[in-house]
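Each chain, written out:
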Amino acid sequence: MAANTLTIRDNRTGKEVEFPIESGTEGPPVVAVEKFYKEFGLFTLDPGFRSTASCKSKITFIDGEAGVLLYRGYPIEQLAESSSFAEVCYLLLYGELPNQDQYNDFVHKVTHHTMLHEQILNFYKGYRRDAHPMAIMVGVVGALSAFYHDSLDVHNPRHREISAFRLISKIPTIAAASYKYSVGQPFVYPDNGKGYVENFLYMLFSVPCAKYTISPVLVRAMRQIMILHADHEQNASTSTVRLAGSSQANPFAAASAGIGALWGPAHGGANEEVLSMLHEIGSVERVGEYIKRAKDPKDPFRLMGFGHRVYKNYDPRARILKKAAHDVLVELGRGNDPMFKLAMELERIAQEDEYFVTKKLYPNVDFYSGIIQSAIGIPTNMFTVIFAVARMVGWVAQWKEMIEYGEGIGRPRQLYVGAARRDYLFMNERK
Ligand code: CMC
């Protein structure tokens, strides 16, 4: 028996088969089960992919037990401290940090793709005024394939490159326009003299009638939020992008599918829910009541911003954002912000509570990101949109990797538990 294998025995027949164990650079090895069905006539069942690696990837690594997150091997803490968002985009897309020339060239390309085709702005006007910006995002990003169909051949590396730039460059413009439309303000065109994050904030907050300025502390916090959300290996939305893209659908359609998957409160929608929850709790005195509800198996209430499918330790992104939230509130002269105090008290009590300790439920990235965004003046319904803006580069990098590896169409199997074969009954034969 080879050492690096796992032998599986079918106790019904006595048949034994060795399956290869493959090791990555970091993290637990995997057992390669592609031939499982051929050997045993069995599928493996793993709803929610709790033990299943869906692909090989070189982009992002998470050690959930240790609370570690690496982009292309670089710790998230170092990138959040020292890198620009554009540099992180380059790293995720190409695998290495850029040298100065590569960086300048990349920034130039990203900057010069930020404008939208003017007719896309008409597209916005078809939405109801009170549409949720995520609803607009799903539609507008999908619609890019109707405007940029000169680069939709997914097998052509040049087309993939152009589409990648278009998605990464235009997503802040699209997101800002969805906000401007929802509040009835004029669209703001991008300013090529500004960096990626600064330009995004400018398109969100500036109005033609007033001079626009923003504190560097707020820009830095927003840059950190964007870097921390840029990729997170095979999460629900990224897996959706890879699966949609595996059918060779164009990248705009695949990205739009990812935005849809991100929207839910168990994923990117949680930051919105965290803020609603903090408002609902309202004061430190009521924390106990909500902790009690979160622990009650009969109550569907969960502490939003707590727990994670992969992190069974403090989410490293939450640690960085806790400090950023503090810095932003001090900068805004709100060092004693009651919402921040409430969040910290909730965290403290939850981390001492046996239920949360034994289930390893720690604050996740969404716990503090909402506090920062709300302090900056971003409305709650834009939080998930901002997650989508930041995650776009991760989706694009993962989509490109999937196409470049030639993975073929993703097609999960199932355990069918529905009705067995039966014959059609005419209406008068049915009970
Ligand atoms: N509050 C109370 N109990 C919880 C919570 C919570 N936030 N999260 C998990 N649990 C309990 C859960 O009820 C279960 O208990 P039991 O073992 O008695 O059935 C146990 O902990 C394990 O939970 P799980 O549902 O198996 O964990 P999961 O990996 O399926 O879910 C999660 C992960 C993020 C969906 C979940 O923790 C959750 O709903 N958290 C709140 C929503 C949230 O903050 N989501 C943002 C995720 S981070 C952003 C991102 O990366 O997309």
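Everything here concerns the structure above.
Definitions and cut-offs
- Residues numbered from 1 in each chain as written.
- Predicted model: local features only at pLDDT ≥ 70, side-chain atom pairs only at ≥ 80, totals over all residues.
- Heavy atoms only, no water.
- Helix = DSSP H or I, 4+ residues; strand = E, 2+ residues; numbered from the N terminus.
- Rg over C-alpha atoms; globule rule 2.2 N^0.38 Å.
- Buried < 20%, exposed > 50% of the residue type's maximum accessible area, 1.4 Å probe, protein only.
- Areas by Shrake-Rupley, 256 points an atom, 1.4 Å probe, with all protein chains shown as cover.
- Lys, Arg positive; Asp, Glu negative; His and termini not counted.
- Charge placed at Lys NZ, Arg CZ, Asp CG, Glu CD.
- Near = heavy atom within 4 Å.
- Polar contact = N/O pair within 3.5 Å; in protein donor to acceptor, adjacent residues only side chain to side chain.
- Nonpolar A, V, L, I, M, F, W, Y, C, P; charged D, E, K, R; others polar.
- Salt bridge = Lys/Arg side-chain N within 4 Å of Asp/Glu carboxyl O.
- Contact = heavy atoms within 4.5 Å.

## What about the overall build of the protein?
And step 1. Each helix and strand in the protein was counted, giving 18 helices and six strands.
And step 2. Over its C-alpha trace the protein gives a radius of gyration of 24 Å, about what one expects of a compact globule, namely 22 Å for 431 residues.
And step 3. With respect to the principal axes defined by its C-alpha atoms, the protein has extents near 75 × 65 × 60 Å.
And step 4. Relative to its full complement of 431 residues, the protein shows a buried share of 47%.
And step 5. Looking at the protein as shown, the accessible area adds up to about 21,800 Å², and 53% of this sits on carbon and sulfur atoms.
And step 6. Where the 48 positive side-chain charges of the protein centre and where its 47 negative ones centre are 5 Å apart.

## Describing the site of the ligand
And step 1. Around the ligand lies a shell of 20 residues, among which His-267, Arg-302, Leu-303, Gly-305 and Arg-309 are the nearest.
And step 2. One of the side-chain N or O atoms of Lys-359 is found 2.9 Å from an oxygen atom in the ligand.
And step 3. The separation between an oxygen atom of the ligand and a polar side-chain atom of Asn-364 is 2.9 Å.
And step 4. Isolated, the ligand exposes 940 Å² of accessible area, and the fraction of that covered by the protein chains is 75%.
And step 5. Its residues assigned to classes, the shell around the ligand comprises nine nonpolar, five polar and six charged.

## Let's talk about the pattern of salt bridges
And step 1. Under the counting rule described, the total for this entry stands at 24 salt bridges.
And step 2. In this structure, Lys-56 and Glu-22 form a salt bridge, with 2.9 Å as the shortest nitrogen-oxygen distance. Taken together, the residues Lys-56 in the loop between α1 (36-40) and β4 (60-63) and Glu-22 in strand β2 (residues 16-22) connect sequence positions 34 residues apart.
And step 3. Look at Glu-22 and you get partly exposed, because its relative accessible area is 29%.
And step 4. With its nearest N and O atoms 3.1 Å apart, the salt bridge here joins Glu-401 to Arg-242.

## Quick look at helix α8 (residues 196-205)
And step 1. The buried fraction of α8 is high, at eight of 10 residues.
And step 2. Inspection of α8 places Tyr-196, Val-197, Asn-199, Phe-200, Leu-201, Tyr-202, Met-203 and Leu-204 among the buried residues, and these make up the whole buried set.
And step 3. The inward-facing, buried residues of α8 abut α3 (85-94), α4 (100-111), α7 (157-183), α9 (216-228) and α18 (383-404).

Purely geometric numbers; function is a separate question.
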